[in-house]
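Working through the structure, step by step
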Amino acid sequence: MDADLTGKLLIALPGIGDPRFARSIILVCAHSPEFAMGIVLNKPMDGLTLTQLLHQLDVPVEIDVPEDLVLDGGPVSSDRGFVLHTDDVVSEGATLEIDGTYCMTATRDMLHSMGSTHAPRRSVLALGYSGWGAGQLEYELAENAWLIGEPEADLVFGESHEAKWEAALGHMGIDSGRLQIRPGTA
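The rules behind these values
- Note that residues are indexed from 1 along each chain, following the sequence as it is written.
- For this predicted model, a pLDDT threshold of at least 70 governs which residues receive local features, and a threshold of 80 or more governs which side-chain atom pairs are given and counted, while totals over whole chains, interfaces and linings are taken from all residues.
- Where side-chain values are given, they derive from all heavy atoms of the structure, hydrogens and water being excluded.
- Nonpolar core, defined: a set of buried Ala, Val, Leu, Ile, Met, Phe, Trp, Tyr and Cys residues in which side-chain atoms within 4.5 Å join the residues together.
- Only protein chains enter the calculation, and the probe is 1.4 Å; a residue is then buried if its accessible area is under 20% of its type maximum, exposed if over 50%, and partly exposed in between.
- Comment: elements are numbered from the N terminus, with helices defined as DSSP H or I runs of at least four residues and strands as E runs of at least two.
- It only takes one pair of heavy atoms within 4.5 Å for two residues to be counted as in contact.
- The rule for a salt bridge is simple: a side-chain nitrogen of Lys or Arg has to be within 4 Å of a carboxyl oxygen of Asp or Glu.
- Aromatic rings from Phe, Tyr and Trp, taking only the six-membered ring of Trp, are treated as a pair when their centres fall within 6.5 Å; an angle between ring planes under 30 degrees marks them as stacked, one over 60 as edge-to-face, and anything in between as tilted.
- By the convention used here, strands pair only if DSSP detects at least 2 bridges between them.
- Relevant arc is that of directions from the helix axis to the C-beta atoms, nothing else.
- Any pair of N or O atoms that falls within 3.5 Å is considered a polar contact. Within protein, one atom must be able to donate a hydrogen and the other to accept it, and sequence-neighbouring residues count only if both atoms are side-chain atoms.

**A look at the nonpolar core**
- Residues Leu-10, Leu-84, Met-104, Leu-137 and Trp-146 are the most contacted members of the largest nonpolar core, which totals 37 residues.
- Among the elements that make up this core, the one with the highest residue count is strand S2 (residues 25–31) (6 residues).
- Not counting the four nearest positions on each side in its chain, Leu-137 is found in contact with Leu-5, Leu-10, His-31, Ala-36, Trp-132 and Trp-146.
- Counting 14 residues, the second-largest nonpolar core is a separate cluster that includes Val-70, Met-110, Met-114 and Leu-127.

Encoded structure:
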């Protein structure tokens, strides 16, 4: 598969085989023949909110920051923060434009922005990311581990984390109750 998946959703199928990604949806932030990286959108950290994390990091907060849960973005660099946000706020030289709608920034100044009057319209913070080496994601796609979908704002920024997987499938017209773990034989 030679298609660039940047800006697409990966929706885990029931037979994915890796429990860390069971029922996950991932926004692909970068994809090339050498690598792919994305952020899991529906696995919140146990009880860790954005407000708590900003306080722990001594980031000044000038506004009422939403009590959004911080996401577990994936198993790579889990001590590092990645902010998915709308394109109205960018950090010069540090913001990765994912597509015409979403951006990702992994710098402390974006955390400062999130706590200020200059916050992005919508944002979510994840610790860690999901990464694939050369050909690895393409192999997983060929093995039917993932469906490819289009991102929607409620899937990227919404707070109904438990419902996102089924909602992502629903956007594609798929009923999750009809998915099989193993393909049938004819």
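On we go from here.
**Some thoughts on the pattern of salt bridges**
- Under the definition given, this model contains 5 salt bridges.
- Across the pair Glu-166 and Arg-23 runs a salt bridge, and its minimum N-O distance is 3.5 Å. Note that Glu-166 is positioned in helix H5 (residues 161–171) and Arg-23 in the loop between strand S1 (9–12) and S2, a separation of 143 residues in sequence.
- The partly exposed category is assigned to Glu-166, whose relative accessible area is 40%.
- We classify Arg-23 as partly exposed; its relative accessible area is 41%.
- Between Asp-87 and Arg-121 there is a salt bridge whose closest N-O contact spans 3.8 Å. Here Asp-87 is found in the loop between strand S6 (76–86) and strand S7 (96–97), whereas its partner Arg-121 is found in the loop between helix H2 (108–114) and strand S9 (123–132), with 34 residues between them in sequence.

**Digging into the packing of aromatic side chains**
- For the structure on display, the rule yields 4 aromatic pairs.
- For the ring pair Phe-21 and Trp-146, a centre distance of 6.0 Å and an interplane angle of 65° mean the geometry is edge-to-face. Of the two residues, Phe-21 is situated in the loop between S1 and S2 and Trp-146 in strand S10 (residues 146–149); the sequence distance between them amounts to 125 residues.
- Ring centres of Tyr-102 and Phe-157 lie 5.8 Å apart, and the angle between their planes is 55°; this geometry places the pair in the tilted category. Separated by 55 residues along the polypeptide, Tyr-102 in strand S8 (residues 102–105) and Phe-157 in helix H4 (residues 153–157) bring together distant segments of the chain. Each member of the pair, Tyr-102 as well as Phe-157, carries the same accessibility label: buried.

**Focus on the pairing of S8**
- Burial along S8 is two-sided: Tyr-102 and Met-104 and Cys-103 and Thr-105, pointing in opposite directions, are all buried.
- Of the pairings in the sheet, the one linking S6 to S8 comprises 4 bridges and is antiparallel in character. Looking at S8, one finds that Val-83 is bridged to Thr-105.
- In this sheet, S8 lies alongside S7 in antiparallel orientation, the contact comprising 2 bridges. When the sheet's bridge partners are listed, Leu-96 is paired in S8 with Met-104.
- In textbook terms, the turn of a hairpin is the stretch between consecutive antiparallel strands, and for S7 and S8 this stretch comprises 4 residues.

**Details of unusual backbone geometry**
- One non-glycine residue, Arg-23, lies in positive phi territory at about 55°.
- The phi angle at Asp-58 is positive, at roughly 55°, despite the residue not being glycine.
- Mapped onto the secondary structure, Asp-58 falls in the loop between helix H1 (50–56) and strand S5 (69–72).

**Thoughts on H5**
- Within H5, the full set of buried residues consists of His-161, Lys-164, Trp-165, Ala-168 and Leu-169. One side of H5 carries all its buried residues, which in axial view fall inside an arc of 125°.
- The secondary structure elements touched by the buried residues of H5 are S1, S2, strand S4 (44–49), S5, S10 and H4.
- Directly beyond the C-terminal end of H5, a positive phi value near 80° is found at Gly-173.

**Some points on the side chain of Asn-42**
- Along the chain, the position of Asn-42 falls in the loop between strand S3 (36–40) and S4.
- Within the structure, Asn-42 has its side chain in polar contact with the backbone oxygen of Arg-23 (distance 2.7 Å).
- Within the local environment of Asn-42, its side chain forms a polar contact with the backbone nitrogen of Ile-25, the two atoms lying 3.1 Å apart.
- Discounting residues that sit within four places of it in the chain, Asn-42 has contacts with Arg-23, Ser-24, Ile-25, His-161, Lys-164 and Trp-165.

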